[in-house]
Amino acid sequence: MTPHTLTLTHRFEPGADPRRAPLLLLHGTGGDETDLLPLGRAVAPGAALLSPRGAVLENGMPRFFRRLAEGVFDEADLRARTGDLAGFVAEARGTYGIGAPIALGFSNGANIAASLLLLRPGTLAGAVLIRPMMPFADPPPADLAGVPVLILSGAVDPIVPAANARALARTLSERGAAVEHAELPAGHGLSQADLARATAWLAARAGG
Ligand code: MLT
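Predicted model only: the values in this text are computed from it and were never measured.

Engineer: Run through the site of the ligand, naming residues and quoting values.
Structural biologist: Near the ligand the following residues occur: Thr 29, Arg 63, Phe 65, Arg 67, Gly 71, Phe 73, Ser 107, Asn 108 and Asn 111. Between an oxygen atom of the ligand and a side-chain N or O atom of Thr 29, the distance comes to 2.5 Å. Asn 111 has a polar side-chain atom sitting 2.8 Å from an oxygen atom of the ligand. Here the ligand loses 95% of its free accessible area of 260 Å² to cover by the protein chains. More than half of the atoms of the ligand fall within 2 Å of the grid points belonging to the largest pocket. Taken together, the residues of the shell around the ligand break down into two nonpolar, five polar and two charged.

Rendered as structure tokens:
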């Protein structure tokens, strides 16, 4: 479908299965709006897919927010871009007539999804966070009562220390989210186990 002109460059694929929440696909550093469409189709067949491109460029590579170094975030920029992404989701929901999406984010995309949960609860109906890390040094309070979140970490991830991902899981749980955290035998890259876990978790949310 030819996308409408919204505040972020994006792709939209309408859904065919009304039991499925739309997926908000959030790519990793250097990805774009086409990157995660095959993953979205694979893990949630029939779901509407909304896939924006991060508006920040780092040496030509799209991202969703600025960082000062690997794993060291520009939190002011992260806050501003999180607001922009929440605005985009609201705009897209009106334009395409879809409900609140479940985020499916990888790496940098998972990190802004975690930030959306913490700063703009209500934007997301849930989230699958693949290789996320804690986005804030001092995470804000948020009411995430009952919001389902699947965190998929890599046990040998060279970018995200295990303790950091566990701290994110704890932070979201403390705010009421229904968190499932799996540490997979994987590094930072996507593995078959990620696909299997995400597919099963999303099917359960669609009543399957
Ligand atoms: C980030 O900057 O969000 C994380 O370091 C993950 C990455 O994009 O490599």
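The structure having been displayed, the exposition proceeds.
Engineer: Can you lay out the side chain of Ser 107 for me, pointing to particular residues and giving the numbers?
Structural biologist: Tracing the sequence through the fold places Ser 107 in the loop between strand E8 (102-106) and helix H3 (108-119). Setting aside chain neighbours within four positions, we find Ser 107 in contact with Gly 28, Ile 130, Arg 131 and His 188.

Engineer: Describe H3, listing the residues and the values that go with them.
Structural biologist: Spanning twelve residues, H3 covers 16 Å between terminal C-alpha atoms, matching the ideal 16 Å at 1.5 Å per step. Counting buried residues along H3, eleven of its twelve residues qualify, which places the element largely inside the surrounding structure. Along H3, the residues classified as buried are Asn 108, Gly 109, Ala 110, Asn 111, Ile 112, Ala 113, Ala 114, Ser 115, Leu 116, Leu 117 and Leu 118.

Engineer: So, the packing of aromatic side chains: which residues are in play, and what are the values?
Structural biologist: Under the definition given, this model contains two aromatic pairs. The interplanar angle of 10° and the centroid separation of 3.9 Å between the aromatic rings of Phe 12 and Tyr 96 together place this pair among those described as stacked. Of this pair, Phe 12 sits in strand E1 (residues 10-13) while Tyr 96 sits in helix H2 (residues 75-96); the two residues are 84 residues apart in sequence, bridging distant segments of the chain. With a centroid separation of 4.9 Å and an interplanar angle of 80°, the aromatic rings of Phe 65 and Phe 73 are classed as edge-to-face. We note that Phe 65, like Phe 73, is buried. Above the face of the Phe 65 ring, Arg 63 is positioned so that its terminal group lies 5.1 Å from the ring centre. Between Arg 205 and the ring centre of Trp 201, over which it is positioned, the NZ or CZ distance is 4.3 Å.

Engineer: Can you explain the layout of surface pockets? Please cite residues and give values.
Structural biologist: In this structure, the largest pocket encloses a volume near 200 Å³. Along the walls of the largest pocket sit 17 residues, with Thr 29, Arg 67, Ser 107, Asn 108 and His 188 positioned nearest its centre. Among the residues making up the lining of the largest pocket, the classes are represented as six nonpolar, seven polar and four charged.

Engineer: Outline the side chain of Asn 164, supporting the account with residue identities and numerical values.
Structural biologist: Looking at where Asn 164 falls in the secondary structure, it is placed in helix H4 (residues 162-174). On the accessibility criterion, Asn 164 (19% relative accessible area) is buried. Ignoring sequence-local partners within four residues, the contact set of Asn 164 consists of Met 133 and Met 134.

Engineer: How would you sum up the nonpolar core? Please name residues and give values.
Structural biologist: In this structure, Leu 26, Leu 50, Phe 88, Leu 117, Leu 129, Val 149 and Leu 172 are the most contacted members of the largest nonpolar core, which totals 44 residues. Mapped onto this core, the elements with two or more residues apiece are strand E2 (23-26), H2, H3, strand E9 (126-130), strand E10 (148-154) and H4. If we skip the residues at most four places from it in the chain, Phe 88 touches Leu 6, Thr 7, Leu 8, His 10, Leu 50 and Pro 52.

Engineer: Give me the environment of Ala 200: which residues, what numbers.
Structural biologist: Secondary-structure assignment places Ala 200 in helix H5 (residues 192-205). Accessibility expressed as a relative area gives 48% for Ala 200, which makes it partly exposed. As for Ala 200 and Ala 182, which are separated by 18 residues in sequence, their C-alpha atoms are 13 Å apart.

Engineer: Now, about the pairing of E2: what can you tell me, with residues and values included?
Structural biologist: Along a regular strand, successive side chains alternate from one face of the sheet to the other. Judged by which residues are buried, E2 turns out to be covered on both faces: Leu 23 and Leu 25 on one side and Leu 24 and Leu 26 on the other are all buried. Judged from the four bridges that link them, E2 and E8 form a sheet pairing that is parallel. For Leu 23, the partnering residue across the bridge sits in E8 and is Ile 102.

Rules of the game
- Residues numbered from 1 in each chain as written.
- Predicted model: local features only at pLDDT ≥ 70, side-chain atom pairs only at ≥ 80, totals over all residues.
- Heavy atoms only, no water.
- Near = heavy atom within 4 Å.
- Polar contact = N/O pair within 3.5 Å; in protein donor to acceptor, adjacent residues only side chain to side chain.
- Areas by Shrake-Rupley, 256 points an atom, 1.4 Å probe, with all protein chains shown as cover.
- 1 Å grid on protein atoms, 1.4 Å probe; cavity = no way out; pocket = protein on both sides within 12 Å on 5 of 7 lines; lining within 4 Å.
- Sits in = over half its atoms within 2 Å of the grid points.
- Nonpolar A, V, L, I, M, F, W, Y, C, P; charged D, E, K, R; others polar.
- Helix = DSSP H or I, 4+ residues; strand = E, 2+ residues; numbered from the N terminus.
- Contact = heavy atoms within 4.5 Å.
- Expected span 1.5 Å × (residues − 1).
- Buried < 20%, exposed > 50% of the residue type's maximum accessible area, 1.4 Å probe, protein only.
- Phe/Tyr/Trp six-rings, centres within 6.5 Å; stacked < 30°, edge-to-face > 60°.
- Lys NZ or Arg CZ within 6 Å of the ring centre and 35° of its normal.
- Points joined across faces, edges and corners; volume = space filled by probe spheres on them.
- Core = buried A, V, L, I, M, F, W, Y, C linked by side-chain atoms within 4.5 Å.
- Pairing = 2+ DSSP bridges.

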